[in-house]
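Listed below are the residues making up each chain.
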Amino acid sequence: MMRLIKMPFKILAVVVMFLLSFLIMLGRLFSNVSSWAFGLLLLVAVGSAIYCVTQARWQDVAILTVIALMAFLVMVLIELGLFTAERLRDSLGDFIHS
């Protein structure tokens, strides 16, 4: 009896799991491509901040530090979203196999 009750939810879970897998694949692709751009941005921001420290341009150092921190935060949030989606996909897989 419980199998019949769970069956529609398992079918829905399979569809959601496939959609999550597709979104995770796109997210990984975006993460890998954008990491090159964010890495270059961080390199330029840190290099410019070092130059501004030597020239005692403290306001520019603060601006560059905020830019570097925001770029790092964006990458961390992308990875956090991917980890959460992977965990949800794995939980749906466990539900399907139960």
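Bear in mind the structure is a predicted one, so any value in this text is a computation, not a measurement.

Take the side chain of Ser31 next. Take Ser31: it is sitting in helix 1 (residues 2-54). What makes Ser31 buried here is its relative accessible area of 4%. Excluding residues within four positions of it along the chain, Ser31 makes contact with Met75, Ile78, Glu79 and Leu82.

What follows deals with the pattern of salt bridges. Evaluated as defined, the whole model comprises 4 salt bridges. Here Glu79 and Arg28 are joined by a salt bridge, their closest N and O atoms 3.0 Å apart. Taken together, the residues span a long stretch of sequence, with Glu79 in helix 2 (residues 58-96) and Arg28 in helix 1 at a distance of 51 residues. A residue is classified by how much of its surface remains accessible, and Arg28, at 25% relative accessible area, is partly exposed. A salt bridge links Asp90 to Arg89; the shortest N-O distance between them is 3.7 Å. What makes Asp90 partly exposed here is its relative accessible area of 44%.

Looking now at the nonpolar core. One finds Ala13, Met17, Leu20, Ile24, Ala85, Leu92 and Ile96 forming the largest nonpolar core, which totals 7 residues. Elements with a minimum of two residues in this core: helix 1 and helix 2. Among the elements that take part in this core, helix 1 stands out by supplying 4 residues, more than any other. For Leu92, the residues in contact, after removing those within four places along its chain, are Ala13, Val16, Met17 and Leu20.

Of note in the backbone geometry, Ala56 takes a positive phi value of approximately 60° without being a glycine. Mapped onto the secondary structure, Ala56 falls in the loop between helix 1 and helix 2. Its relative accessible area of 46% is what places Ala56 among the partly exposed residues.

Before going further, it helps to spend a moment on the side chain of Ser34. Structurally, Ser34 is set in helix 1. Engagement of the side chain of Ser34 in a polar contact is seen with the backbone oxygen of Ser31, the distance being 3.4 Å.

Each value, and the rule that gives it
- Residues numbered from 1 in each chain as written.
- Predicted model: local features only at pLDDT ≥ 70, side-chain atom pairs only at ≥ 80, totals over all residues.
- Heavy atoms only, no water.
- Helix = DSSP H or I, 4+ residues; strand = E, 2+ residues; numbered from the N terminus.
- Buried < 20%, exposed > 50% of the residue type's maximum accessible area, 1.4 Å probe, protein only.
- Contact = heavy atoms within 4.5 Å.
- Salt bridge = Lys/Arg side-chain N within 4 Å of Asp/Glu carboxyl O.
- Core = buried A, V, L, I, M, F, W, Y, C linked by side-chain atoms within 4.5 Å.
- Polar contact = N/O pair within 3.5 Å; in protein donor to acceptor, adjacent residues only side chain to side chain.

Honestly, it's all geometry; don't read function into it.
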